[in-house]
Amino acid sequence: MKAMVLYEPGPVEKNPLKLSDVDIRDPRGDEVLLEISCCGVCRTDLHIVEGELKPIKLPLIPGHQVVARVKEVGENVDNVSKGMRVGVPWLYWACGKCKYCRRGLENLCDHALFTGYSVDGGYAEYMIAKKDFVHPLPNTHDDCKAAPLLCAGAVGYRALRLTGLVDKKEGILGLFGFGASAHLILQAAKALGLTVYVFTHTPWKIEYAYKLGADWAGNTKETPPNKLDAAIVFAPVSWVFIEALKKLDKGGRVVLGEIYMSPIEKLDYKLLWLEREVKTTANVTRRDVREFLDIASKHRIYPDITIYKLEEANKALQDLKHGKIKGQAVLKIK
C-alpha cells in the first residue's frame, strides 16, 4: 500500500513525510483491516512530525481522524462487519482494567495506544484497528466531512464538557484560537444554548466566527462585552492562556485544549484568585467521540474542509502551521 511515512522528525518545510510502499498484514484476533477513504490533518500531527512530541515509534505513519470501510476482520470480531463505514480517533486502545479505565478515564490509561503516534495511523491506504475502538459514523456526513468530527470535534467537545457549562446549559464561553476544533465547538456550544465569544489574532477569522454564529468576536487582547464564565484555549501558546485568565469571571474555569503548549514563564496569582480554575484535556474517551458524533448529526454541525491528496500531506501540514487553512485539512485517499 501507499503511505506517507515519517522516518525522522523535522520541520514540515523540509517535507519529512515520504511517500512509501508499506506491507499490509491480515487482521488477527480482535483486529480489523480498514480501507481508508479520508484522514483529517490535525495540529497534533504537526507536533509529532516536527518532533515537539517525542517519537514513540519510528518509522511512523501519522494520522488519527480516519474514515474507512472494514475490509477484513479477525477471528474474534463480532461487532463490526465487512463493508461497514467506521471512524478511528486518537485513542487506539485502552486496557479497560487500570484504575483510570475503571473510573471512566480511559484517556488517561497508562497502557493506552494512540493512533498515528504509538501505532501507525491514517496517512495511508489501509490500517489495522481494534474492534472496540472503531466508531460507526452518521449518514448525515460524507467521508471527508466526517473525518474532523473524530478529533477536532471530539477533543473540542471533551474540553467543552470540562468547562462545566454543558450541564448548566447557560453561560458565556470564550474560545481562544479559531481553527479546526473551535469552528466546530462554536456550532455545538450555540446548539446547546451557550453564549460564545471568539478570540483570535487573525482578522479574517473574526468575520468567519460571526458567520458561524458567534455572539462576539475580536482580537485576542481585546476586552469583551462581559466576563467569561469559562474559556477553552485551543492555541498552543502560553500568552493566549494568560489572556484567557484575564477575561475570566470569578469562579470561572479555563480549559486547555491542546496536547502541547509553549512554557508558561510567568503567572500572576491574582489571575487565579477568587476560585478560578484551570484544567487540561488529555485526548478523548470513546464516550466523547460517540456523543459528539450524535450531536453533530442531530444539529447538522459540519466542518469547513480543505482537501489534499495523500502525497500532499507535507503541504497540508505546512499550510496548517502557517495559518492558511479555513476549518480543517483533510487527506482524500480513496
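Residues numbered from 1 in each chain as written. Predicted model: local features only at pLDDT ≥ 70, side-chain atom pairs only at ≥ 80, totals over all residues. Heavy atoms only, no water.

- The name recorded for the protein chain in an unreviewed UniProt entry is Zinc-binding alcohol dehydrogenase family protein, from Staphylothermus hellenicus.
- Per UniProt, the protein chain has the following entry under Cofactor (unreviewed entry): "Zn(2+)".
- What UniProt states about the protein chain under its Sequence similarities (unreviewed entry) heading is, verbatim, "Belongs to the zinc-containing alcohol dehydrogenase family." (UniProt positions renumbered as here; feature names shortened; annotations may be inferred.)

1. Brief notes about the packing of aromatic side chains
Turning to step 1, where the next piece is worked out: Scanning the entire structure with this criterion turns up 8 aromatic pairs.
Turning to step 2, where the next piece is worked out: Residues phenylalanine 199 and tryptophan 216 carry aromatic rings whose centres are separated by 5.2 Å and whose planes lie at 55° to one another, so their mutual orientation is tilted. With phenylalanine 199 in strand β11 (residues 195-199) and tryptophan 216 in strand β12 (residues 216-218), this residue pair connects regions lying 17 residues apart in the sequence. Comparing phenylalanine 199 with tryptophan 216 shows no difference in burial state: the two are buried.
Turning to step 3, where the next piece is worked out: Here tryptophan 204 and tyrosine 208 contribute two aromatic rings whose centre-to-centre distance is 6.0 Å and whose plane-to-plane angle is 35°, an arrangement assigned as tilted. Of this pair, tryptophan 204 and tyrosine 208 both sit in helix α7 (residues 203-211), 4 residues apart, which is roughly one turn of that helix.
Turning to step 4, where the next piece is worked out: On the basis of relative accessibility, which here comes to 36%, the residue tryptophan 204 falls in the partly exposed class.
Turning to step 5, where the next piece is worked out: Tyrosine 208 gets classed as buried once you look at its relative accessible area, which sits at 5%.
Turning to step 6, where the next piece is worked out: An aromatic cluster is present here, built from Phe176, Tyr197, Phe199 and Trp216 joined pairwise through their rings.
Turning to step 7, where the next piece is worked out: Above the ring of phenylalanine 133, the side-chain terminus of arginine 286 is found at 4.0 Å from the ring centroid. (Phe/Tyr/Trp six-rings, centres within 6.5 Å; stacked < 30°, edge-to-face > 60°. Helix = DSSP H or I, 4+ residues; strand = E, 2+ residues; numbered from the N terminus. Buried < 20%, exposed > 50% of the residue type's maximum accessible area, 1.4 Å probe, protein only. Lys NZ or Arg CZ within 6 Å of the ring centre and 35° of its normal.)

2. Notes on the side chain of histidine 141
Turning to step 1, where the next piece is worked out: Mapped onto the fold, histidine 141 is located in the loop between β9 (135-136) and α3 (143-146).
Turning to step 2, where the next piece is worked out: The exposure class of histidine 141 is buried, given its relative accessible area of 2%.
Turning to step 3, where the next piece is worked out: Looking at histidine 141, its side chain comes within polar contact range of the main-chain oxygen of isoleucine 301, at 2.8 Å.
Turning to step 4, where the next piece is worked out: Not counting residues up to four positions away in its chain, the partners in contact with histidine 141 are Arg85, Ala146, Leu149, Ala296, Ser297, Ile301, Tyr302 and Pro303. (Polar contact = N/O pair within 3.5 Å; in protein donor to acceptor, adjacent residues only side chain to side chain. Contact = heavy atoms within 4.5 Å.)

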